[in-house]
Amino acid sequence: MIWVWGVLTDSVTRYVCAHLLAQNIALQVLDVRQYPGVIDVHMEQHSDGNVTGVVFVGDTPIALDSITSVYARLPDTTGLHRYSNRDDETQIMANAAYDASLNILLDRLPCLVVNRPSAQLSNSSKPYQQQLIAAAGFATPRSLITSDPHAARLFYDQCDGRVIYKSISSVRSIVRRLTPTAFDRLVRLPFAPVQFQEYIAGDDIRVHVVGSDVFATRIVSEADDYRYARNNGGGVSLTATTMPPKIGEDCIALAEMLQLPFAGIDLRHHPDGTYYCFEVNPSPAFTFYEAHTEQPISAALVSLLQHPVPAYTSPRLSRRPLPLLYATHCTIASVQTLDQSQVPEPFIVRCERPLLSSDLSGNPPPQSDASGLHQYLADDIAAVTNGNRDHIIEPVFRRLGPVNTHPNIISLYWGEGWSAKANMRMALDAALTSVIHSAYIDGLREYAVGTDVRYEGVIIATMLPRDTAALQARLTRMVENLGEPQSEFVLCLVIGDSVMDVLPYGVLELPDGRWITWAATSAQSLDDLTVWATRSIVDGLTDPQQMNGHVGEHCIGQPPARFSGVAVAPYWSEVAKQCVTR
């Protein structure tokens, strides 16, 4: 039996499940949102480091030794509230303990796991992984990791002004060129180190290694980071390509060295013929590349799961004891107290099942058995069967996520009446600033909205715009005056007397690829203003092009919630399957 660990709201996980179901392959889907609780793991570590035990899905036990292979695509559980009655700090601790126990299980299963958590850790530090890449024989760009502005300037000069910068962590960041206009921001380096690299010219090559199979995609784009090319008005072209056999063999060897049976390797093909390697992604979103090139990456992955490569079936063993699950009521039970046919080990850890967020919403994850999944994934299975690759593209609200990585939010107070409402303006600014830097916005990370949302301040105008065209012209000039683009998206809140009668909302795309979304209100009380503003912010951040992909609409009609003491509009969490109201 093949296991799939993840969440079915993730399009890549859904697509893998659809491929397996389309071929009538036996599988069990284990939704992380149901662990622990609906799904419980009971395992024991032996003196040789191996583990045995069972997984309970509801009341149904599944022996660990019945698993032939596992596909694991685990989400960030930071915002996942498995318990409903815990404060944020306790919940973070609980999530960490649950994740640790699940990671140990996946590391120690004596079967193929795509990919084991411990094997994915190299990607948590890009500098560390780059050293491994260089040790494998690949060319790598000159790099500098520093918090010293002077060192960054010196490196820039040494590279003749051809430098890019990016995050050093596993968190996705946008790769940008370092230009003289950004030198003023180098003074911020002491607060957090940044990775600078020599810019390498050429085409990007994404290589997917699946066992011993190699699929190469050539990406042609003028953007520094092709993933965000369209955001800045640029284009991107993806085509299947070939590489010298030696480079393909080196990619397979690199994946094997990192113990990754499935890997996405980022190369750049320099005009002189050299292939530089930047990074190895241990959980690649391959559907994007498959949809554009029609390479059978998913078919190779399914074949690998069906016919595991022996080199990857041995567990990553450790003699360290297993951590106990973080739970309020756990007991050590003897096997004699249970049905011995269900529990093959002498002792288990039995924890009281928590009340899950997915249970509270009335919309729990779909059934994990094949019959329930067939119905839930009917459209995906049909797309796989009929070869409809357009269906692979992620849903609207996920596809537009990168647009919102570094949004600016600007309040504009229109109308002469605001001159006498200085206290109200100050109160609203303080309230919105507080909410924007609270867990309210952090929860939008599941929709790829960055956590560095900025509230730029207040612009006051005494004359109300005459029409939409006048507002568009004014907003365009205002944003252009911000100088070098610092964001991919700008949301403007237009607040004034009877504004709704003139221009309730609108969208404008700037020449540099950024978006302006504005929404207007004539609300009077502070709570009404903050509820309206937060609904507009959520809608704008999750659907800047207003293509019906935003999440706020799911919770219209729900009573206001409070974050940091501010009245806010609830919005829908696709991970928790409920409205965010706490």
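Look a little higher up for the structure.
The sections below set out a description of the structure shown in this document. Keep in mind it's a predicted model, so treat the numbers as computed, not measured.

## Focus: the overall build of the protein
Okay, step 1: Helix and strand counts for the protein stand at 16 helices and 27 strands.
Okay, step 2: Put simply, the protein has 582 residues, and 51% of those count as buried.
Okay, step 3: Taking contacts inside the protein between residues at least 6 apart in sequence as the whole, the part at least 24 apart equals 71%.
Okay, step 4: In the structure as shown, the protein presents an accessible area of about 25,400 Å², 52% of it carried by carbon and sulfur atoms.

## Section: the nonpolar core
Okay, step 1: Counting residues in each nonpolar core, the largest one holds 40 residues, and the members touching the most others are I409, Y440, L444, L493 and I537.
Okay, step 2: Sort the elements by how many residues they give to this core and helix α16 (residues 526-542) lands first, with seven residues.
Okay, step 3: Residues within four places of I537 in sequence aside, it is in contact with I409, I436, I441, L491 and L493.
Okay, step 4: Core analysis: the second largest hydrophobic core is formed by 31 residues, L20, F262, F286 and L304 among them.

## Notes on the pattern of salt bridges
Okay, step 1: Counting across every chain of the model gives seven salt bridges.
Okay, step 2: The salt bridge partner of D203 is R218, with a shortest N-O separation of 3.3 Å. Within this pair, whereas D203 is found in strand β12 (residues 203-210), its partner R218 is found in strand β13 (residues 213-221), the two being separated by 15 residues in sequence.
Okay, step 3: With a closest N to O distance of 2.9 Å, D527 and R562 form a salt bridge. Linking D527 in helix α16 with R562 in strand β24 (residues 561-563), this pair joins segments that are 35 residues apart in sequence.
Okay, step 4: For R562, a relative accessible area of 45% corresponds to the partly exposed category.

## Looking at the packing of aromatic side chains
Okay, step 1: Tallied over the full model, the rule gives six aromatic pairs.
Okay, step 2: For the pair F288 and Y289, a centre-to-centre distance of 5.2 Å together with 85 degrees between the ring planes defines the contact as edge-to-face.
Okay, step 3: With relative accessibility at 30%, the residue F288 sits in the partly exposed group.
Okay, step 4: Seen in terms of ring centroids, Y440 and Y571 are 5.1 Å apart; in terms of plane orientation they differ by 75 degrees. Their pairing is edge-to-face.

## A short note on the pairing of strand β1 (residues 2-6)
Okay, step 1: Within β1, five of the five residues are buried, leaving the element largely enclosed by the surrounding structure.
Okay, step 2: Side-chain alternation along β1 places I2, V4 and G6 on one buried face and W3 and W5 on a second face that is also buried.
Okay, step 3: Where β1 meets strand β6 (residues 69-72), four bridges bridge the pair, whose relative direction is parallel. For V4, the partnering residue across the bridge sits in β6 and is Y71.
Okay, step 4: Alignment of β1 against strand β2 (residues 27-31), held across five bridges, turns out to be parallel. Its bridge partner being in β2, W3 is matched across the sheet by Q28.

## Looking at unusual backbone geometry
Where the residue is not glycine, phi is negative for most of them; where a peptide bond is considered, it is trans in most cases.
Okay, step 1: Omega for the peptide link from V114 to N115 comes to -5 degrees, which places this bond in the cis form.
Okay, step 2: Here N115 lies in the loop between β7 (112-114) and α3 (117-120).
Okay, step 3: Backbone geometry at E294 places phi at a positive 60 degrees, although glycine is not the residue there.
Okay, step 4: Considering the arrangement of structural elements, one finds E294 in the loop between α7 (287-293) and α8 (297-306).

## Quick word on the sheet that holds strand β19 (residues 408-414)
Okay, step 1: Overall, mixed pairing links the five strands, which are arranged β20-β19-β21-β23-β22 in an open sheet. The open sheet has two edge strands, β20 (454-461) and β22 (505-509), and neither has a second partner. For this sheet the average axis-to-axis angle between neighbouring strands, irrespective of direction, equals 20 degrees.
Okay, step 2: Looking at chain direction, β19 and strand β21 (residues 489-496) are connected through seven bridges and run parallel. Looking at the pairing, S411 lines up with L493 of β21.
Okay, step 3: Those strands touched by helix α13 (residues 422-436) are β19, β20 and β21, and its axis lies near 160 degrees from that of β20.
Okay, step 4: Of the strands in this sheet, β19, β20, β21, β22 and β23 (515-521) are in contact with helix α15 (residues 468-480), which crosses β23 at around 130 degrees.

## Details of the pairing of strand β15 (residues 262-269)
Okay, step 1: Counting buried positions along β15 yields seven of eight residues, so the element is predominantly enclosed.
Okay, step 2: Pairing analysis gives eight bridges linking β12 to β15, with the strands arranged antiparallel. Residue pairing for β15: R206 is matched across the bridge by D266.
Okay, step 3: Across six bridges, the pairing between β15 and strand β16 (residues 275-281) is antiparallel. Along β16, the bridge assignment pairs L267 with C277.
Okay, step 4: In textbook terms, the turn of a hairpin is the stretch between consecutive antiparallel strands, and for β15 and β16 this stretch comprises five residues, one of which, G273, has a positive phi near 100 degrees.

## Remarks on the environment of F288
Okay, step 1: Positionally, F288 belongs in helix α7.
Okay, step 2: A sequence separation of 50 residues divides F288 from L238, and the C-alpha atoms of the two residues are 9.7 Å apart.

## Here's the deal with the environment of P315
Okay, step 1: Examined against the element boundaries, P315 turns out to sit in the loop between α8 and β17 (330-334).
Okay, step 2: Spatially, the C-alpha atom of P315 lies 8.4 Å from that of L106, the residues being 209 residues apart in sequence.

## Notes on the packing of α13 against α16
Okay, step 1: The N-to-C vectors of α13 and α16 enclose an angle of 40 degrees; their axes lie 10 Å apart at closest approach. Our classification of the angle between α13 and α16 gives oblique. In this structure, α13 crosses over α16, and the sense of that crossing is right-handed. Judged by residue contacts, M424, A427, L428, A431, L432, V435 and I436 of α13 engage L526, L529, T530, A533, T534 and I537 from α16.
Okay, step 2: Among the residues forming the contact of α13 with α16, the class breakdown is eleven nonpolar, two polar and no charged.

## Section: the sheet that holds strand β9 (residues 163-166)
Okay, step 1: Here we have four strands laid out as an open sheet, ordered β8-β11-β9-β10, and antiparallel in their pairing. The strands lining the two open edges of the sheet, one partner per strand, are β8 (143-146) and β10 (176-177).
Okay, step 2: Relative to the sheet, helix α4 (residues 126-135) contacts β8 and β11 (194-198), its axis offset from that of β11 by approximately 35 degrees.
Okay, step 3: Against the sheet, helix α5 (residues 149-158) engages β8, β9 and β11, with an angle of about 170 degrees to β8.

## Quick word on the side chain of Q195
Okay, step 1: The topology assignment puts Q195 in strand β11.
Okay, step 2: In this view, Q195 contacts K126, P127, Q130, S143, L144, I145, I164, Y165, K166, S167 and I168; residues no more than four positions away in its chain are not counted.

What counts, and where the lines are drawn
- Residues numbered from 1 in each chain as written.
- Predicted model: local features only at pLDDT ≥ 70, side-chain atom pairs only at ≥ 80, totals over all residues.
- Heavy atoms only, no water.
- Helix = DSSP H or I, 4+ residues; strand = E, 2+ residues; numbered from the N terminus.
- Buried < 20%, exposed > 50% of the residue type's maximum accessible area, 1.4 Å probe, protein only.
- Contact = heavy atoms within 4.5 Å.
- Areas by Shrake-Rupley, 256 points an atom, 1.4 Å probe, with all protein chains shown as cover.
- Core = buried A, V, L, I, M, F, W, Y, C linked by side-chain atoms within 4.5 Å.
- Salt bridge = Lys/Arg side-chain N within 4 Å of Asp/Glu carboxyl O.
- Phe/Tyr/Trp six-rings, centres within 6.5 Å; stacked < 30°, edge-to-face > 60°.
- Pairing = 2+ DSSP bridges.
- Axes fitted to C-alpha atoms, helices over the stretch in contact; angles between N-to-C directions.
- Parallel < 35°, antiparallel > 145°, perpendicular 65-115°, else oblique.
- Left-handed = near helix turned anticlockwise from the far one by under 90°.
- Nonpolar A, V, L, I, M, F, W, Y, C, P; charged D, E, K, R; others polar.

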